[in-house]
Amino acid sequence: MTFQQPKINTSPHVSDEVRKTTCYMCACRCGINVHMKDGKVAYIEGNRDHPVNQGVLCAKGSAGIMQVNAPSRLRAPLKRVGERGSGEFEEISWDEALQIATDWLAPIRKDDPSKLAFFTGRDQSQSFTSFFAQNFGTPNYAAHGGFCSVNMAAAGIYTMGGAFWEFGQPDWDHTKLFMLFGVAEDHDSNPIKMGIGKIKARGARVIGVNPIRTGYNAVADDWVGITPGTDGLFILSLVHCLMKAGKIDVNYLAQFTNAPCLINGDEKSPEFGLLLRDDDGKELVIDRATGKLTPFDQKGVKPDLTATHRHAGISHRTVMQHMAERYLSDEYAPEAVAERVGISAKRIRILAAEIARVAFDEAFELDQEWTDFRGETHKTMQGRPVSFHSMRGISAHANGFQTCRALHVLQILLGTVEVPGGFRFKPPYPKPATAHPKPHCGVQPDCPLDGPHLGFVQGPDDLALKEDGTPARIDKAFSWENPMSAHGLMHMVISNAYAGDPYKIDTLFMYMANMSWNSSMNTRGVIDMLTDKDENGDYVIPRIIYSDAYSSEMVAYADLILPDTTYLERHDCISLLDRPICEADAAADAIRWPVIEPDRDVRGFQSVLCELGAKLGLPGFTNEDGSQKYADYGDYIVNHERKPGIGPLAGFRGDGSDTGRGDVNPDQLDRYIENGGFFVEHIPDGANYYKPWNAAYQDWAVGMGLFDSPQPYLFTLYVEPMRRFQLAAEGHGDRQPPDHLRERIKATMDPLPIWYDPAPDNHGDQYPITALTQRPMAMYHSWGSQNAWLRQLHGHNPLYLPTKLMRENGLSDGDWAKVTSPHGEITVPVLEMAALNENTVWTWNAIGKRKGAWALDENAPEATKGFLLNHLIHELLPPKGDGLRWANSDPITGQAAWFDLKVRIEKAPAPAESQPAMEPIKSPVGKGPKQLAWKVGK
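Residues numbered from 1 in each chain as written. Predicted model: local features only at pLDDT ≥ 70, side-chain atom pairs only at ≥ 80, totals over all residues. Heavy atoms only, no water.

Draft legend 1. Focus on the overall build of the protein chain. Of the regular secondary structure elements, the protein chain holds 23 helices and 34 strands. For the protein chain, the C-alpha radius of gyration of 27 Å lies close to 30 Å, the compact-globule estimate for 938 residues. Counting only C-alpha atoms and orienting by the principal axes, one finds that the protein chain spans roughly 90 × 80 × 70 Å. The proportion of buried residues among the 938 residues of the protein chain is 64%. Accessible area for the protein chain stands at about 33100 Å²; split by element, carbon and sulfur atoms hold 47% of it. The positive charge centre, built from 95 side chains, and the negative charge centre, built from 118, are 4 Å apart in the protein chain. (Helix = DSSP H or I, 4+ residues; strand = E, 2+ residues; numbered from the N terminus. Rg over C-alpha atoms; globule rule 2.2 N^0.38 Å. Buried < 20%, exposed > 50% of the residue type's maximum accessible area, 1.4 Å probe, protein only. Areas by Shrake-Rupley, 256 points an atom, 1.4 Å probe, with all protein chains shown as cover. Lys, Arg positive; Asp, Glu negative; His and termini not counted. Charge placed at Lys NZ, Arg CZ, Asp CG, Glu CD.)

Draft legend 2. How the structure looks around the nonpolar core. Membership of the largest hydrophobic core comes to 156 residues, with the highest contact counts inside it found for Phe509, Leu568 and Leu799. In terms of residue count, helix α3 (residues 94–111) provides more of this core than any other element does, eight residues in total. Not counting residues within four places of it along the chain, the set of residues in contact with leucine 799 comprises Val819, Val828, Pro829, Val830, Leu831, Val841, Trp842, Thr843, Phe867, Leu869 and Ile905. Of all hydrophobic cores here, the second largest spans 112 residues; its members include Ile207, Ile343, Trp370 and Phe725. (Core = buried A, V, L, I, M, F, W, Y, C linked by side-chain atoms within 4.5 Å. Contact = heavy atoms within 4.5 Å.)

Draft legend 3. Representation of helix α16 (residues 605–615) in the model. Of all 11 residues making up α16, eight are buried, and the element is well covered by its neighbours. Those residues of α16 that sit buried are Phe605, Gln606, Val608, Leu609, Cys610, Leu612, Gly613 and Ala614. One or two positions beyond α16, positive phi appears at glycine 617, with a value near 75 degrees.

Draft legend 4. Seen up close, the sheet that holds strand β23 (residues 507–511). Ordered in space as β5-β4-β25-β24-β23-β6-β7, the seven strands form an open sheet in which the pairing is mixed. Across the chains shown, the open sheet's two edge strands, defined by having one partner strand only, are β5 (89–91) and β7 (141–142). Of the pairings in the sheet, the one linking strand β6 (residues 116–120) to β7 comprises two bridges and is parallel in character. Considered in β7, the bridge of phenylalanine 118 is made with tyrosine 141. Lying on the sheet, α3 is in contact with β4 (78–80), β6, β23, β24 (543–548) and β25 (560–563); it crosses β25 at an angle near 125 degrees. Contacts from helix α4 (residues 126–136) reach β6 and β7, with the element oriented near 175 degrees to β6. (Pairing = 2+ DSSP bridges. Axes fitted to C-alpha atoms, helices over the stretch in contact; angles between N-to-C directions.)

Draft legend 5. Just the packing of aromatic side chains, in detail. One pass over the structure, following the stated rule, counts 44 aromatic pairs. With a centroid separation of 5.4 Å and an interplanar angle of 75 degrees, the aromatic rings of phenylalanine 652 and phenylalanine 679 are classed as edge-to-face. One end of the pair, phenylalanine 652, is in the loop between α17 (633–639) and α18 (668–674); the other, phenylalanine 679, is in strand β28 (residues 678–682), with 27 residues separating them in the sequence. A relative accessible area of 11% means that phenylalanine 652 is categorised as buried. Assessed through its relative accessible area of 7%, phenylalanine 679 is described here as buried. A cation over a ring is seen here: arginine 570 above tyrosine 24, with NZ or CZ 5.0 Å from the ring centre. (Phe/Tyr/Trp six-rings, centres within 6.5 Å; stacked < 30°, edge-to-face > 60°. Lys NZ or Arg CZ within 6 Å of the ring centre and 35° of its normal.)

Draft legend 6. Looking closely at the environment of aspartate 734. With respect to the helices and strands, aspartate 734 occurs in the loop between α20 (720–729) and α21 (739–748). Look at aspartate 734 and you get exposed, because its relative accessible area is 85%. C-alpha separation for the pair aspartate 734 and tryptophan 816, spaced 82 residues apart in sequence, amounts to 57 Å.

Draft legend 7. Structural detail: the packing of α20 against α21. Running from N to C, α20 and α21 cross one another at 150 degrees; their axes reach a closest spacing of 8 Å. Between α20 and α21, the angle is such that the two are roughly antiparallel. Judged by the sense of rotation from one axis to the other, the crossing of α20 with α21 is left-handed. Within the contact between the two elements, α20 uses Met722, Phe725, Gln726, Ala728 and Ala729 and α21 uses Arg742, Ile745, Lys746 and Thr748. Classifying every residue of the contact of α20 with α21 gives five nonpolar, two polar and two charged. (Parallel < 35°, antiparallel > 145°, perpendicular 65-115°, else oblique. Left-handed = near helix turned anticlockwise from the far one by under 90°. Nonpolar A, V, L, I, M, F, W, Y, C, P; charged D, E, K, R; others polar.)

Draft legend 8. Looking closely at empty space enclosed by the protein. The final tally for this structure, using the stated rule, is 10 cavities of 30 Å³ or more. Within this model, the largest cavity holds a volume of roughly 420 Å³. Elements that contribute at least two residues to the lining of the largest cavity include exactly α12 (392–395) and β29 (769–774). Looking at the lining of the largest cavity residue by residue, the classes come out as 16 nonpolar, 12 polar and three charged. Quantified by volume, the second largest cavity comes out at close to 210 Å³. Around the second largest cavity sit 17 residues that line it, and Tyr24, Gln67, Met512, Tyr550 and Trp783 are the ones nearest its centre. (1 Å grid on protein atoms, 1.4 Å probe; cavity = no way out; pocket = protein on both sides within 12 Å on 5 of 7 lines; lining within 4 Å. Points joined across faces, edges and corners; volume = space filled by probe spheres on them.)

Draft legend 9. Region of the structure containing the pattern of salt bridges. On inspection of all chains with the given rule, the structure shows 58 salt bridges. Residue lysine 200 is joined to aspartate 221 by a salt bridge in which the shortest nitrogen-to-oxygen separation is 3.4 Å. Of this pair, lysine 200 sits in helix α6 (residues 189–201) while aspartate 221 sits in the loop between β10 (205–209) and β11 (222–224); the two residues are 21 residues apart in sequence, bridging distant segments of the chain. Where arginine 543 meets aspartate 506, a salt bridge forms, and the shortest distance between an N and an O atom there is 2.8 Å. One end of the pair, arginine 543, is in strand β24; the other, aspartate 506, is in the loop between α14 (493–499) and β23, with 37 residues separating them in the sequence. Taken together, the shared-partner salt bridges in this structure form one network comprising Lys176, Arg205, Asp222, Arg347, Glu354, Arg357 and Glu362. (Salt bridge = Lys/Arg side-chain N within 4 Å of Asp/Glu carboxyl O.)

Draft legend 10. A look at unusual backbone geometry. Going from tyrosine 429 to proline 430, the amide bond is cis rather than trans, its omega being 15 degrees. Counting through the fold element by element, proline 430 comes out in the loop between β22 (423–425) and α14. Between glutamine 915 and proline 916 the backbone carries a cis peptide bond, its omega angle lying at 5 degrees. With a phi close to 55 degrees, alanine 312 is a non-glycine residue in the positive phi region. Locating alanine 312 in the fold gives a position in the loop between β15 (308–311) and β16 (314–318). Located in the positive-phi region is tyrosine 690, a residue other than glycine, with phi close to 55 degrees. Summarising the element assignment, tyrosine 690 is placed in the loop between β28 and α19 (695–704). Given the relative accessible area of 5%, tyrosine 690 is considered buried.

Structural data, given as C-alpha cells:
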C-alpha cells in the first residue's frame with residue numbers, strides 16, 4: 001500500500017507588500033517588516049538588515065499586530081461629564097478638544113507657566129516633549145526616568161560619561177566573562193539574548209547577580225542570589241579583594257582616570273576635598289618623569305598614582321591614595337559583608353579571583369595603532385575580556401546611585417571600559433557630565449523657559465531653587481532633597497501637587513503615564529488625590545489632561561482625553577538627540593512612519609503638540625506671522641534644527657548625501673523609509689575603542705555633529721560635584737541646605753562610592769522580607785498585558801516565594817497569602833520557587849488590571865487573580881515625627897526606591913479574587929468581544 005504525502009504549500013502568499021519600520025513593543029526598538037494585505041497588517045517579522053536585532057524578534061514584537069487591533073484603543077477625543085473617576089465621558093471633535101486645552105493653558109502661560117506640570121511616560125520622544133515644555137515656559141517637565149533607572153544613567157554619566165543600555169554594550173566579539181546585575185528582562189532583550197548566545201558559543205562564562213533566577217540569570221553559568229539592596233556592598237568587597245591582590249590596571253588608571261589627580265587635604269579650607277586645578281580649570285597631576293605639577297592632558301605626561309604635593313602648608317594626595325585607604329579597610333573584607341549580602345566570604349573571594357584571572361591572565365592585544373588625546377601613539381589596543389551589564393535591579397533602591405557608581409568604578413579599576421573585550425560606549429556617548437546642560441528654572445510670564453529642564457549639576461549653584469531657597473519645580477528635582485536628579489521625580493508630581501508642596505498647580509498634563517495604577521507608588525492614595533475636592537467643592541488638582549492610545553486605568557481620572565495612535569499609525573523619531581539605537585561601532589537612528597492609517601478619530605500625540613503649540617502661540621511652534629510652523633510631527637522631524645545643520649535625524653541630510661551635519665532635506669523621511677526605516681554610520685577602524693581619549697574618534701564625533709569640538713576627559717572615580725554639596729552641608733558657600741538635610745547630604749553624597757542600608761527604618765523583625773517586581777520578557781509595562789496574544793503567556797501573576805518561606809508559613813502551590821507592609825496589605829495566590837533568595841518574594845509587574853480598564857471582561861484573570869505590589873508601597877517614607885514629607889527615593893537623585901519594599905507574610909483563606917478588589921471603573925470603550933478574530937486579505 002502506498003501513502004500519498006499531502007501537498008503543502010511551503011511558501012504561502014504572506015503579503016502584498018512589506019513596509020519596514022521600528023518596533024515599539026519595548027525600548028529595544030528593533031527593526032520590523034510589516035507584511036500588508038489589502039492595506040491591513042497581516043504579519044510582523046524582524047528586519048534582517050537592521051543594526052539592532054538583525055532579524056531577531058521576540059514575542060512582544062510579533063504580537064504588535066494585536067496592539068493595532070486591540071479593543072481597548074481609544075476612538076475619539078473625550079470630555080469628562082461625570083465625576084472624576086467615574087469614567088463618564090462624551091466624545092468631542094478635535095477642534096473642541098484643542099480649544100479646551102488652549103483655553104486652560106493660555107491663561108497659565110500668560111500669568112505663571114509653572115502652574116502647568118507636563119510629564120510623560122515611555123514616549124521615546126523626550127527631546128520633542130521637552131521642547132514643547134521649554135517653549136511653554138514651565139519648569140515642571142520630565143519623563144519616566146525618575147522612577148525607572150536614573151540612578152544607573154546619572155551614576156554612569158558622572159563617573160565615566162555613559163552607562164549601560166542606550167549608552168553602551170559589552171564587546172560581544174571579545175568578552176570572555178559577562179556579569180549581569182539586576183537586569184530587567186524586557187530591557188535590550190533581543191541584543192542581550194543574541195550577545196549571550198554569541199559568547200556562550202565561544203565558551204565564555206556568564207555570571208548572574210540577582211535575587212531572582214529567571215531570564216538571563218536562568219542561562220547563566222553561575223547564579224549569585226544576593227540579598228536585595230546589598231549589591232553595592234558586594235561590589236565594594238570585590239574591589240577590596242582586587243586591590244589587595246594588586247589586580248587593578250594601574251596603567252589605565254594613571255592615563256585615563258582622575259586616580260592620579262590631587263585632592264586638597266586642608267580640613268580648614270573651603271576647598272577641602274576638591275581637586276587641585278590650574279587657572280584653566282584643568283585637573284593637576286604629578287608627572288612621574290619630572291616630579292612636577294602639570295595639567296593632566298599635556299603631551300608626554302606620565303601621571304603618578306602615588307604622588308603627594310605640598311603647597312602653602314597644605315598636603316594634597318591623589319584620588320588613588322584615598323581609594324586605597326578606604327577600600328582596603330577591613331569593613332569591606334568578604335568576611336565582614338558576607339552575612340549581610342547573603343553570599344559566603346569564600347564565594348566572594350572565588351568570584352573576585354575569577355574576575356581577576358580573566359581580566360589579566362586572559363588579556364590580549366589588538367594589532368591596531370591609535371593616538372590618544374595627549375598626542376601619544378600606541379601600537380596596539382590592550383584588551384581585558386571582562387564585561388558587565390546592569391539595570392533597574394541595583395538602581396531602584398535608596399542607595400542605588402552609590403551602588404551604580406560602585407559598579408562603574410569596579411569596571412574602571414579593572415581597565416575594562418572602552419577596551420577590547422570590555423564595556424563599550426555607543427555614540428553619541430561617551431560625554432563627560434560637564435558637556436551636558438545644567439537644569440534651568442527661570443520662569444517668566446508669557447515666555448519660554450530660560451533653558452533645558454534637565455541636566456547635570458556641578459554643585460549647589462546649579463540647583464533649581466527660587467530666591468527664597470525653596471524648590472522651583474513641583475517634583476523638587478534639583479533641590480537640596482535630591483540635588484542630582486537628572487531625570488526628575490515623576491512619582492512625586494501628583495503627591496506634591498495635591499499637598500501644595502512646594503506650591504499648587506493648575507493643570508496636570510500627562511502622556512503615556514499610568515499614574516493611577518501600575519506606574520504609581522501608593523495606588524489607592526493617588527486615586528484619592530486625583531479625585532479629592534477642597535472645601536469649595538473644587539478638585540484639589542484643578543485640571544487633568546491625559547493622552548494615551550488605550551483605555552488604561554488613568555483615563556478615568558482625566559478631564560480631557562487626547563487619544564493617541566498606535567505605533568504603526570504615526571511618525572516617531574529614535575534620535576541621536578534622545579534615545580538612539582546606536583551600536584558600539586556605529587551611530588544609528590531610526591523612524592516610525594504610518595504604515596497604516598487609523599480607523600478611529602485619533603492623532604499622534606506629538607502631532608497634537610505641534611497644533612496645540614501653534615494655538616498657544618509658542619515661539620518654537622509658530623512662524624513670524626503667527627501661523628503654525630510644523631504641520632505635524634513628521635514635518636517637525638524633517639525641518640526642525642536644534643542648531644544649524646543639526647536636526648532630529650542624522651542621516652540623508654542636505655541633498656541626501658550628508659551625514660550628521662547638513663541642511664534640511666525635504667525628502668529625508670522617504671530616504672529613511674527606502675533604507676528600511678533606519679540610518680547607520682560606522683566608526684572608522686582604529687577609532688572604535690578608547691573613545692573618550694582616542695583622537696580619531698573625537699574628530700569623527702565632531703564631524704558627525706555629536707560634539708562641536710573634541711571633548712577628551714578623565715573618568716571620575718572621585719566625583720567632585722558631590723564633594724561640593726558636602727562642603728555646603730559643612731557650612732561653606734553662600735547657598736546652604738536646610739538644617740534638617742545637612743547630615744544626610746554629608747553622609748550620602750560621598751565623592752567615592754559608599755554603601756549604606758537603603759531601608760534602615762523597616763521596623764526590624766516586623767517586616768523582614770523584601771518584595772520585588774520584575775517585568776517579563778513578554779510584557780512591557782502595562783501596554784502589553786491587554787494584548788490578545790501576550791495575555792496567553794501571562795494572564796495572571798502569582799507571588800513567588802522561596803522554599804524556606806513556603807515551609808515556614810505552611811504554604812503549598814495555589815494557596816493564598818496575606819502580604820503586609822507598613823503601608824497596606826494584599827491577599828494573593830502563591831507559588832514556590834527554589835531559585836530565589838531565601839528572604840525575598842517577587843511577582844511580575846503590571847499584570848494585574850483594574851476591572852473595567854483595557855476593555856477586559858470584569859472576570860478576566862488579570863482583574864481577579866492578577867495583582868500589584870504597588871498597593872503596598874508609598875511615595876513617602878513612614879513619618880519620622882518631624883512633620884516633614886520624606887520621599888521614598890534615593891536622596892541623591894530622587895529615583896523611586898521601588899525595591900526597598902519590606903513585608904511580612906502569613907497564610908490566608910482563599911478569597912474569591914485577589915485583594916484589594918477595587919470597584920470597577922467605567923471605560924469609554926466598553927468591553928471587548930468574547931473572541932477577537934478577523935481575516936486579513938483573501
